[in-house]
Protein chains: 2
Amino acid sequence: AASHSGWQGQVRTGGHKEYVGFATLPNQVHRKSVKKGFDFTLMVAGESGLGKSTLVNSLFLTDLYKDRKLLNAEERITQTVEITKHTVDIEEKGVKLKLTIVDTPGFGDAVNNTECWKSVADYIDQQFEQYFRDESGLNRKNIQDNRVHCCLYFISPFGHGLRPLDVEFMKALHEKVNIVPILAKADTLTPNEVKKKKFKIREEIEQYGIKIYQFPDCDSDEDEDFKQQDQELKDSIPFAVIGSNTVVEAKGKRVRGRLYPWGIVEVENSAHCDFVKLRNMLVRTHMQDLKDVTRETHYENYRAHCIQSMTRMVVKERNRKQTPNRNGEEAMLMNISSWIKFTTECLGNQVI
Amino acid sequence: AASHSGWQGQVRTGGHKEYVGFATLPNQVHRKSVKKGFDFTLMVAGESGLGKSTLVNSLFLTDLYKDRKLLNAEERITQTVEITKHTVDIEEKGVKLKLTIVDTPGFGDAVNNTECWKSVADYIDQQFEQYFRDESGLNRKNIQDNRVHCCLYFISPFGHGLRPLDVEFMKALHEKVNIVPILAKADTLTPNEVKKKKFKIREEIEQYGIKIYQFPDCDSDEDEDFKQQDQELKDSIPFAVIGSNTVVEAKGKRVRGRLYPWGIVEVENSAHCDFVKLRNMLVRTHMQDLKDVTRETHYENYRAHCIQSMTRMVVKERNRKQTPNRNGEEAMLMNISSWIKFTTECLGNQVI
């Protein structure tokens, strides 16, 4: 209804402040976005058994892994890191979301995990490359955008902070994707242990120069309540989560949880874990920002790198051929249209 | 406040339908758009004296033409069509709009107006070209988008329908910009004359194959009130307007209007003219659509034409040079990356 306000807009004259009506622009954008629908691509990474699938199902209240086939130990040892994609169309209050989950099953399962991050990094790059080709092409009406907007990286609750593999993985990916670290299966840790482990992990992230997803700064004009919640969110990293797809009864209420002989773990109880905080961040408050950072920072970085390395290739090729017009080369390189020229010459060469 | 709803989102379990929370996505978009601010570029065209400047000032309640210098008859006869740009930053209810008005003073003033639309068409193309270069370049962070989103074309109330110049102008521009025809200075026409003239003009627009801006179809799920207003809007073309920047007193109220010995013309009285309808359409309901159509249709058409004509140039050049690899040429042309290659080779040649 808000988006129609334009029709009802009142113009008052004579003493009152007049109103043009462009204040409805955000509503027009709002309306258009609903009409068009949304998409979001979430990657989950981390070793098997940390509850990646369960968490995703809990987050989106959907069963993305109906047909999953669990591998036995023998299969898992020799298995390469295989990337799988699940897509569901979900709708809520008239808002449509095409959700894609990119899974990296078997990650870290092998005995030797050297460069196991490579296929994941390649996957992310391939999506960027495809988008680069598509947006440079002639018909851009229905480009399928498969760029990965966020990577939930699951850290084992059993490690003393980060494991070398965690560091290697995150460092290999942090300039390609928004990494959100998750402290998995937090129901094996007491509140005090969670606190200590979080502190240690944050410290190590800092120490190793890992650039995880940075929550945008709060606007100064926000109310105190909002600012406090925002600060709490920032202090919760890595989100300690417990997933569950089963509903149990706790104190007469039916809740998502895990029933232990010593009590019931309630997934959505913020005294028990950060599940609700993570979901709020990922879905309700920062989903659009994750998309914007992907588009404006990670993709633009990829594109710039791509153009630059192609340029170097072309220059080398020209030198090899001893092209006579070597002189103006440097100046030309600074010319934007030349950049494009080089880019696409190379893109062309790759394909032809 | 709506945009914060994520924080307050309630998750209800036990019998109630659970709620993930991505329904807040449009609010996240809404919020981001407000933060970023909006821009809109409006062109006004038509012969001098039809009240273009007055209308623009009335529409946006701002004085865009403080420093305007009116030319005398002698100056106007020899004057070429000169394009001028005025930009104002306006704010309303926290929503910021950078409004640019592109004016074509003197249009139609000369004795011989052959091809007077050319400089206007060139101007629009130049903005597209600049954008094409910028979005193909390396640093795309702060691209200035000067593409023209809408052209209000002023039709004289004295013509018997459209004049040949009107037809020529609109046909020259209708594939480059969203044309909204305006029946200017409607206070010289009786309601019956307005009705007849509108009908005639609509008929001629149809007859000459002029493609003016098409209001998007109403969603089927809209309420009846909205649908009716939408239909009324479509039936109002061309908008019969009367502009005024002076406030007069009518029946005890102070209104924008024109004081005649026989009565007061109230600009914002919908029984007197379509000013409010035009403003509602342009500002409150369709501004975002005008931008989207510009981006998705007019600009994409320009870009495709540009790439295609460049390709032809390159092919011709190659044939002239009798390049040996003539054989695979056609196949290559179909290859997207080749398209880009050709494009940018040409773009490069133009600049170097």
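Reading guide: rules and limits
- Residues numbered from 1 in each chain as written.
- Chains lettered and ligands numbered in written order.
- Predicted model: local features only at pLDDT ≥ 70, side-chain atom pairs only at ≥ 80, totals over all residues.
- UniProt positions renumbered as here; feature names shortened; annotations may be inferred.
- Helix = DSSP H or I, 4+ residues; strand = E, 2+ residues; numbered from the N terminus.
- Buried ≥ 20, exposed ≤ 12 C-beta atoms within 10 Å, placed from the backbone.
- Contact = placed C-beta atoms within 7 Å.
- Core = buried A, V, L, I, M, F, W, Y, C linked by C-beta atoms within 7 Å.
- Pairing = 2+ DSSP bridges.

> Help me out: how do you make sense of the UniProt feature "site: Important for dimerization" (unreviewed entry) in chain A in this one?
According to UniProt, the positions carrying the feature "site: Important for dimerization" (unreviewed entry) are Phe158(A). Mapped onto the elements of the fold, Phe158(A) is located in the loop between strand 4 (150-155) and helix 6 (164-173).

> Mind showing me how you'd approach the environment of Ile155(B) here?
All names here are of chain B. Positionally, Ile155 belongs in strand 4 (residues 150-155). Note on Ile155: 23 C-beta atoms within 10 Å, which makes it buried. Separated by 84 residues in the primary sequence, Ile155 and Phe239 have C-alpha atoms spaced 9.9 Å apart. When sequence neighbours within four positions are dropped, the list of residues in contact with Ile155 reads Gly46, Leu162, Asp166, Pro181, Ile182, Leu183, Ala184, Ile201 and Pro238.

> Is there a simple way to explain unusual backbone geometry in this structure?
Apart from glycine, the bulk of residues carry a negative phi angle, and the bulk of peptide bonds sit in the trans form. The amide bond that connects Ile237(A) to the next residue, Pro238(A), takes the cis arrangement and shows omega of -10 degrees. Looking at the secondary structure, you find Pro238(A) in the loop between helix 8 (224-235) and strand 6 (239-240). In this structure, Lys93(B) takes a positive phi of about 50 degrees despite not being glycine. Checked against the element boundaries, Lys93(B) lands in the loop between strand 2 (84-92) and strand 3 (95-103). For Lys93(B), a count of 11 C-beta atoms within 10 Å gives the class exposed.

> Looking at this model, I keep getting lost on the nonpolar core. Mind explaining?
Here is a general trend for soluble globular proteins: nonpolar side chains tend to be buried in one another's company. Tyr153(A), Val241(A) and Val241(B) are the most contacted members of the largest nonpolar core, which has 125 residues in total. Setting aside its immediate chain neighbours within four residues, Val241(B) contacts Leu55(B), Ile182(B), Ala184(B), Ala186(B), Cys273(B), Asp274(B), Phe275(B) and Leu278(B).

> Which parts of the structure should I look at to understand the pairing of strand 2 of chain B?
Regular strands place side chains that alternate from one sheet face to the opposite one. Residue and element names in this part refer to chain B. As paired elements, strand 2 and strand 3 share nine bridges and run antiparallel to each other. Looking at strand 3, one finds that Asp89 is bridged to Lys98. The hairpin formed by strand 2 and strand 3 contains two residues between the paired strands, and Lys93 there has a positive phi angle of roughly 50 degrees.

> Looking at this structure, how should I read the sheet that holds strand 4 of chain B?
Picture the strands of a sheet paired through backbone hydrogen bonds; they go either parallel or antiparallel. Residues and elements named next belong to chain B. Across the sheet, which stays open at both edges, the six strands sit in the order 2-3-1-4-5-6 with mixed pairing between neighbours. With partners counted over all chains shown, the strands left at the sheet margins are strand 2 and strand 6 (239-240), one partner each. As defined by bridge partners, strand 1 (residues 38-45) adjoins strand 3 across seven bridges and the pair is classed as parallel. The partner of Thr41 across the bridge, within strand 3, is Thr100.

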